[in-house]
Amino acid sequence: MTVLVLAEQTGGQPDELSLQAVAFARSLFPDRPVHALLVGEAQAVAAAASLPVATAYVAEVEGSYAPAAWATAAAELLDRLQADSLIAPGSDRGNEVLAHVACRLDLPFAANCVAATPGEPIRLTRVRWGGSLLEEALLHAPITILSVAPHAVAASPPGRPQAVETFQPALAAADLAVRVVGRVEPAGTGVSLAEAKVVVSGGRGVGSAEGFAVIEELASLLGGAVGCSRAVTSAGWRPHRDQVGQTGTKIAPDLYIACGISGATQHMAGCKGAKRILAINSDPEAPILASADYAVIGDLHEIVPAISAEIRRVQGR
Amino acid sequence: MRVLVCVKRVPMTGGRIVLTPDQREIETRHLGFTVSPHEECAVEEAVRLIETHGGESVVLTLGPPQAEEQLRDAMAIGVDRAIHLVTDGEEWDPQATAAAIVEAIEVERRVGGDFDLYLFGNESADAGNYQVGIRVAYSLGLPVVTGVKALAVEGDRLRLEREAGAARDLYEVPLPAVVTVLEGINLPRYPSVPGRMRAQRKPIASSTPVRPTPRLEKVRLVVPESQRKEAEILGHGPQAAPRVVELLAELGVLP
């Protein structure tokens, strides 16, 4: 039996999460051939040459992303290879396309798995609550359809496939009814929350929209981005694009400075990728202290300006 | 227009998740309940659409008897009526959930006509299966767009935006359609006291579907091994500032 990995690419290279999905598939089924599928045009063909799999298939679909077309290509190839597993990265598109395939084939689909054990049924562990909880589950299905939670396994290094093969999937008009028809480029400039090396974030403890002035000042001095908790966006103090959390942005800065943030699971799901966490909180019992590397106890409205002043002093600014 | 919005009752987990002794559920004795954040925004979007275009909004949930609380919350901010598919509290897998929702929609179609728009959250806060909206769309033979952060009705079409890195992808689909939304599409309002009183008088149609055998079968829940840390206390109050700046220098984050 064979395994098919649905892969995505950026600029003609397989993306990191797709190489993680390949690694997951190879460790789950070490004795079986693992094939991959890319959907697209020239860039997909280029990326196929860097996938460390048996055969890298490219379904030639012109134009922009269309989830149902990707699903048709995957379902067609699954059938042709008589594959019994379809694995994708737990990305927006990976999860979306696998759900479409599962609907076509009337099969269950397990999203965001971190581990799996072959067998009938297959036993798997998947992420709940944005990673704050794990679920052990059984998948009862003749074909295993699962996505791999981001960063659950190390990526396979890029490598050459034994073969690259292109094909034209038999698309129906309905497969292209929903597709990307345009793009809106971001208006904002400045450091993006997702890519900032330092994020200075405020929670309910900041107290008001105006209270964020001290957070902004420190972020600016450190060349970092401003973040906030869900309590803050719900109160309307900051826009949702600043929210760090399970339903906001997931960040991985070198340093996360969390000011007046209690540390609810919703929030921690967004910042657990931070290398270091410094909590500034008036409550020494706040849950965030259990996830922080460093803490300063006290009123953020006194402490944060004092840090900014000290940075100016040492830098002679 | 007519809008159906689907929600799921979930606990407000707070700072630390504790499981029941059988490890099948979260211990909720001391927790409040809400709907998933994406769904709060789906409800708000439904109410705004009806305020703008006129028509009727309906909220649907599959959940235990106590989920009536979440249906009343949605009606308190302006949803007109509710459909409650009552369960015994046992979780349904996503295929079974979608099938029960489709059956309820078919019943609506027989008595009240079709919906123009079906709104879902992109994924539930707890199970995070990322598929119920898509499954419902397939069963109904409708187009579906997921992860939507902006929605506009233009005649008999929808214009939708979905984040793609720092940019946004645009989609256009004809109505009727299924859309799954993300938090941030709007800022949900808080219910008013008169809104809460009106919600008590709004109708809820209840039925009790039978749970099929799950094909994605939950065995047990596990709290991940905590990387519980002993935070190094750098100091108390503004006097700690010099020590903090030393640390920033040590970590190499001072520009």
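Look up: the structure comes first, before these words.
What you see is a predicted model; the values in this text were computed from it and never measured. Throughout this document, residue positions are counted from 1 along each chain, in the order its sequence is written. To read the labels, note that chains go from A and ligands from 1, taken in the order they are written. Under the rules for a predicted model, residues below a pLDDT of 70 receive no local features and side-chain atom pairs below 80 are neither given nor counted, while totals for whole chains, interfaces and linings still include all residues.

Think of it this way: any DSSP run of H or I at least four residues long counts as a helix, any run of E at least two long counts as a strand, and we number them from the N terminus. What chain B contains, in helices and strands, is six helices and 13 strands. Along the first, second and third principal axes, the C-alpha set of chain B runs to 70 × 45 × 40 Å. Note that contacts rest on C-beta atoms placed from the backbone: two residues are in contact if these are within 7 Å. The contacts of chain B with a sequence gap of at least 6 include a subset with a gap of at least 24, amounting to 69%.

The omega angle of the peptide bond from Glu120(A) to Pro121(A) is 0°, so this bond is cis rather than trans. Following the sequence through the fold, Pro121(A) ends up in the loop between strand S7 (110-117) and strand S8 (122-128). Here the residue pair Leu175(B) and Pro176(B) is connected by a cis peptide bond, since its omega of 0° sits within 30 degrees of zero. Here Pro176(B) shows up in the loop between strand S9 (167-174) and strand S10 (177-181).

One open sheet accounts for 10 strands, arranged S12(A)-S9(B)-S8(B)-S7(B)-S10(B)-S6(B)-S1(B)-S4(B)-S5(B)-S11(B); its pairing is mixed. Edge positions in the sheet fall to strand S12 (180-184) of chain A together with strand S11 (204-207) of chain B, since each of these pairs with one other strand and no more. Across this sheet, the average inter-strand angle for adjacent strands is 30°, counted without regard to direction. Paired strands, as defined in this entry, are two strands with at least two bridges between them according to DSSP. As judged from the six bridges shared by strand S1 (residues 2-7) of chain B and strand S4 (residues 56-63) of chain B, these two strands associate in the parallel manner. Bridging across to S4(B), Val3(B) finds its partner in Ser57(B). Interaxial angle, 0 to 180 degrees, is taken between N-to-C directions of lines fitted to C-alpha atoms, where a helix line uses only the stretch in contact. Contacts from helix H2 (residues 68-76) of chain B reach S1, S4, strand S5 (81-86) and S11 of chain B, with the element oriented near 165° to S4(B). Sheet strands touched by helix H4 (residues 132-140) of chain B: strand S6 (117-121), strand S7 (144-154) and S10 of chain B. Its angle to S7(B), the strand with the most contacts, is close to 65°.

Throughout this description, the term nonpolar core refers to a group of buried Ala, Val, Leu, Ile, Met, Phe, Trp, Tyr and Cys residues whose C-beta atoms join them within 7 Å. With C-beta atoms placed from the backbone, the exposure class of a residue follows from how many other C-beta atoms lie within 10 Å of its own: 20 or more, buried; 12 or fewer, exposed; in between, partly exposed. Core analysis: the largest hydrophobic core is formed by 188 residues, its most contacted members being Val5(A), Leu37(A), Ala74(A), Leu86(A), Val59(B) and Val179(B). Not counting chain neighbours up to four residues away, the residues in contact with Ala74(A) comprise Leu6(A), Leu37(A), Leu86(A), Val97(A) and Val101(A).

Residue and element names in this part refer to chain B. Running from N to C, helix H3 (residues 94-111) and H4 point in directions that differ by 45°, and their axes come no closer than 9 Å. With respect to each other, H3 and H4 are oriented oblique. Considering only the axes of H3 and H4, their crossing is right-handed. Facing H3, whose interface residues are Pro94, Gln95, Thr97, Ala98, Ile101, Val102 and Ile105, H4 presents Val132, Arg135, Val136, Ser139 and Leu140. Three classes are used: nonpolar for Ala, Val, Leu, Ile, Met, Phe, Trp, Tyr, Cys and Pro, charged for Asp, Glu, Lys and Arg, and polar for all others, with Gly counted as polar. Partitioning the contact of H3 with H4 into residue classes produces eight nonpolar, three polar and one charged. Geometric relationships in this document are graded by angle, where less than 35 degrees denotes roughly parallel, more than 145 denotes roughly antiparallel, 65 to 115 denotes roughly perpendicular, and other angles denote oblique. By convention, the crossing between two helices is left-handed when the near helix turns anticlockwise from the far helix through less than a right angle, and right-handed when the turn is clockwise.

Turning next to the interface of chain A and chain B. Facing 70 residues of chain A, the contacting portion of chain B comprises 66 residues. Grouping the amino acids of the side of chain A that touches chain B by side-chain chemistry returns 39 nonpolar, 17 polar and 14 charged. Sheet analysis places strand S9 (residues 133-139) of chain A next to strand S12 (residues 216-222) of chain B, joined by six bridges and oriented antiparallel. Its bridge partner being in S12(B), Ala137(A) is matched across the sheet by Lys218(B).

This next bit is on helix H1 (residues 37-53) of chain B. The α-helix advances 3.6 residues per turn, and as a result positions three or four apart in sequence lie on the same side. Residue and element names in this part refer to chain B. Over its 17 residues, H1 extends 25 Å from the first C-alpha to the last, a length consistent with the 24 Å expected when each residue adds 1.5 Å. Summarising burial for H1: 12 of the 17 residues are buried, a large majority. The complete set of buried residues in H1 reads Pro37, His38, Glu39, Glu40, Cys41, Ala42, Val43, Glu44, Glu45, Ala46, Val47 and Leu49. Glycine 54 occupies a position one or two residues after H1 and carries a positive phi of about 75°. By this rule, a helix spans an expected 1.5 Å times one less than how many residues it contains.

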